[in-house]
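Summary of the model geometry
Here's the letter readout for the chains.
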Amino acid sequence: SAPRLAVYQPNEVRELQAQRLEVLRQIHGMLENQYESGRASGKEVLEAQRVLLAAELEMTEARDERIAIMEKLVEAARQSETVATEQMKIGRSSQVDVLNATAARLEAEIAVARARGQE
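Just so it is clear, the structure is predicted and the values come from calculations on it, not from any experiment.

Glancing now at the environment of Gln-34. The topology assignment puts Gln-34 in helix α1 (residues 10-36). By relative accessible area, Gln-34 is classed as partly exposed at 26%. Separated by 35 residues in sequence, Gln-34 and Ile-69 place their C-alpha atoms 25 Å apart.

So, on to the side chain of Thr-102. The residue Thr-102 is located in helix α4 (residues 95-117) in this model. For Thr-102, a relative accessible area of 18% translates into the label buried. Reaching out from Thr-102, the side chain makes a polar contact with the side chain of Glu-81 at a distance of 2.6 Å.

In this section: the nonpolar core. One finds Leu-53, Leu-57, Ile-67, Ile-69, Met-70, Leu-73, Val-74, Ala-76, Ala-108, Val-112 and Ala-115 forming the largest nonpolar core, which totals eleven residues. At six residues, helix α3 (residues 63-89) tops the list of elements feeding residues into this core. Excluding its chain neighbours within four sequence positions, the residues that come into contact with Ala-76 are Leu-46, Gln-49 and Leu-53. Judged by nonpolar contacts, the second largest core, of five residues, contains Leu-24, Leu-52, Ala-55 and Met-59.

Taken together, Tyr-8, Val-13 and Leu-16 make up a surface patch of nonpolar side chains, about 270 Å² in accessible area. Secondary-structure assignment places Tyr-8 in the segment before α1.

Let us look at α1. One turn of the α-helix equals 3.6 residues, which is why residues spaced by three or four share an orientation. Its 27 residues place the ends of α1 39 Å apart at the C-alpha level, agreeing with the 39 Å of an ideal helix rising 1.5 Å per residue. Taken together, the buried positions of α1 are Gln-17, Leu-21, Leu-24, His-28 and Leu-31. At its buried positions, α1 is contacted by α2 (42-59). Backbone geometry just downstream of α1 places Gly-38 in the positive-phi region, at approximately 80°.

What counts, and where the lines are drawn
- Residues numbered from 1 in each chain as written.
- Predicted model: local features only at pLDDT ≥ 70, side-chain atom pairs only at ≥ 80, totals over all residues.
- Heavy atoms only, no water.
- Helix = DSSP H or I, 4+ residues; strand = E, 2+ residues; numbered from the N terminus.
- Buried < 20%, exposed > 50% of the residue type's maximum accessible area, 1.4 Å probe, protein only.
- Polar contact = N/O pair within 3.5 Å; in protein donor to acceptor, adjacent residues only side chain to side chain.
- Core = buried A, V, L, I, M, F, W, Y, C linked by side-chain atoms within 4.5 Å.
- Contact = heavy atoms within 4.5 Å.
- Patch = residues over 30% accessible without salt bridge, like charges linked within 9 Å, V, L, I, M, F, W, Y side chains within 5 Å.
- Areas by Shrake-Rupley, 256 points an atom, 1.4 Å probe, with all protein chains shown as cover.
- Salt bridge = Lys/Arg side-chain N within 4 Å of Asp/Glu carboxyl O.
- Expected span 1.5 Å × (residues − 1).

Have a look at this one:
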């Protein structure tokens, strides 16, 4: 027979989300420090920021706070797009990387537009 999956109560899920958020904050902070000392790329820091903001969004219920986090996700996506473009200019990324970054930014902007449309 198939193994049974654990069933979590809402408060247990919330606690797991909080633990994950704390771990992601630590990762982002460490990568920022590594970036400042030249041991991590801007791309790594921006990806960690994106994952952290997505986790914050998952835990946030207030509509205005959710939109504010979504706007931060748009800004992070814009920064990633800029980094990808600059990296392509010096041969460190491809046109596909730039297009993926553009698609991610557009996805983030669509999410904000949809959220605002619910006003």
